[in-house]
Amino acid sequence: MSDRLAVLAQYLLPKQAITTLAGSFADAAAGKLTTRVIEWFVRRYAVDLNEAADADPASYRTFNEFFTRALRAGVRPLADADFLCPVDGAISQFGDIGGDQIFQAKGHHYSTTALVGGDSDLAAGFADGAFATLYLSPRDYHRIHMPVDGRLTRMIHVPGALFSVNPATARGVPGLFARNERVVCVFEAEFGSFIQILVGATIVGSMATVWHGRVNPPRGRKIREWSYDGQRVVLRKGEEMGRFLLGSTVVMLFPKDLLRFNPVWAPAGPVRLGEMMAEQTARR
C-alpha cells in the first residue's frame, strides 16, 4: 500500500473506537486466548523473548503485561555518556530546532508550542534548541527511561488525534506529533529544563508514568496538568519513567547549545536503550 493510501485510510477509520476496543482486550485476562494472541504476536513481529525477564508467554495474565514486559537484568548496559537513549526503537528524526519549528519529515514541520499543548512560555525555553524523535515498533521493549538525571516539575496531558505514528504516517500527516494525544513531562536538570513527551497513536490503549500510573484514559477534550513543584520526584539517568500500553513515539526537547548527538545516529537507524545519545558541549 502506498503512503498516500495508508494515510487516507487512517482519516476514514474510527480510530477512537478501535483504540478503545484494543485497550479493553489488552487489559483482559482471557486465559488461553491471551496466551495464543501473545504467541501469535511474538511470531508475527519477531519479538526476542530471550531478552525478557520472563520468557514464557503463558505466564502473562494480560496482553498488556506482556507488552510492557521487563527486560532481563544486564541486557541493556548503560553507556558512559552524558545523555542516554531512553528507549529501544528507531530514529524518526533528530537535530536542531529551527526557531520554534521541529522537522517531522520531508515537507512537514510543527511548532514546539503546539507540541507542548499551547504553552508558549514553556516552548520558548527550547527555541533553537535540539530535539530527538524515536519510534517504537510493535516488537520493541515499551518502557521509557530517563536520558539524564531530572527532577519532575510538570506533567501535561494533551488530548488529540490517534493517527498511527509509523514512518509512512509521519511522511503523510502534517504536524502528526503535535496532533496526536500526548503526555508532556517537564524535568529540571543541572543544565536547565528538558522535556520528554510520550505520543499516543492508534490502538495505544493508554500511557503511564512511574509517579502517576495510567494517565489516560480518560480521554476528554480539555488539557489536564499536574504540578510537582511541592514534591521531590527525582529520577536518575537510565531509570524507568513511563511506558506505552501499545504504541508509539517519544519526542525529547533540549535547550540551545547544550548537546552534540551521537555521530553514528541517522534517521531510520535502530537505537537501543542505554546507548550513547549525546554528549554535553557546554557546562552550565
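Going by the structure above, here's the rest.
Enquirer: What exactly am I supposed to notice about the pairing of strand β5 (residues 130–135) here?
Expert: Successive residues of a regular strand alternate their side chains across the two faces of the sheet. The element β5 is extensively covered by neighbouring structure, given that six of its six residues are classed as buried. Looking at chain direction, β5 and strand β15 (residues 249–254) are connected through six bridges and run antiparallel. Note on β15: the bridge partner recorded for leucine 134 is valine 250.

Enquirer: Looking at this structure, how should I read the nonpolar core?
Expert: Phe83, Phe187, Trp211, Met241, Phe254 and Trp265 are the most contacted members of the largest nonpolar core, which totals 38 residues. The set of elements that each furnish at least two residues to this core consists of β5, β7 (150–158), β8 (182–189), β9 (192–199), β14 (240–245), β15, β16 (259–261) and β18 (276–280). Residue contributions to this core peak at four residues, all from β8. Residues within four places of phenylalanine 187 in sequence aside, it is in contact with Met146, Gly150, Arg151, Leu152, Thr153, Gly192, Ser193, Phe194, Gln196, Trp211, Leu235 and Met241. Ranked by size, the runner-up nonpolar core spans 23 residues in total, among them Tyr110, Val116, Ile156 and Ile197.

Enquirer: Just to check I follow, could you spell out the sheet that holds strand β6 (residues 143–145) for this structure?
Expert: Strands sit in the order β6-β14-β10-β11 across an open sheet of four strands; the sheet is antiparallel. Because the sheet does not close on itself, it has two edges, and the strands there are β6 and β11 (213–216). Strand-to-strand, the axes of this sheet are offset by a mean angle of 25°, without reference to chain direction. Note that strand β10 (residues 206–209) and β11 share three bridges and pair antiparallel. Note on β11: the bridge partner recorded for alanine 208 is arginine 214.

Enquirer: Explain helix α3 (residues 32–45) here, please?
Expert: One turn of an α-helix holds 3.6 residues; hence residues three or four places apart share an orientation. Its 14 residues give α3 an end-to-end C-alpha distance of 20 Å, which sits within 8% of 20 Å, the value for a rise of 1.5 Å per residue. For α3, the full list of buried residues reads Thr34, Thr35, Ile38, Phe41 and Val42. The arc enclosing the buried residues of α3, seen along the axis, measures out at 125°, which places them on a common side. Away from the buried face of α3 by more than 90 degrees, exposed residues Lys32, Arg36 and Arg43 are located. In this structure, the buried side of α3 is in contact with α4 (63–67).

Enquirer: What am I meant to see in the sheet that holds strand β1 (residues 83–84) here?
Expert: Hydrogen bonding along the main chain pairs the strands of a sheet, whether they run parallel or antiparallel. If you trace the three strands from one edge of the open sheet to the other, you get β1-β18-β16, paired in antiparallel fashion. For this open sheet the edge positions go to β1 and β16, each flanked by a neighbour on one side alone. Both β16 and β18 contribute to a ladder of three bridges, which runs antiparallel. Residue pairing for β18: arginine 260 is matched across the bridge by glutamate 279.

So, how was this worked out
- Residues numbered from 1 in each chain as written.
- Predicted model: local features only at pLDDT ≥ 70, side-chain atom pairs only at ≥ 80, totals over all residues.
- Heavy atoms only, no water.
- Buried < 20%, exposed > 50% of the residue type's maximum accessible area, 1.4 Å probe, protein only.
- Helix = DSSP H or I, 4+ residues; strand = E, 2+ residues; numbered from the N terminus.
- Pairing = 2+ DSSP bridges.
- Core = buried A, V, L, I, M, F, W, Y, C linked by side-chain atoms within 4.5 Å.
- Contact = heavy atoms within 4.5 Å.
- Axes fitted to C-alpha atoms, helices over the stretch in contact; angles between N-to-C directions.
- Expected span 1.5 Å × (residues − 1).
- Arc of directions from axis to C-beta.

Shape is all these values report; function is a separate question.
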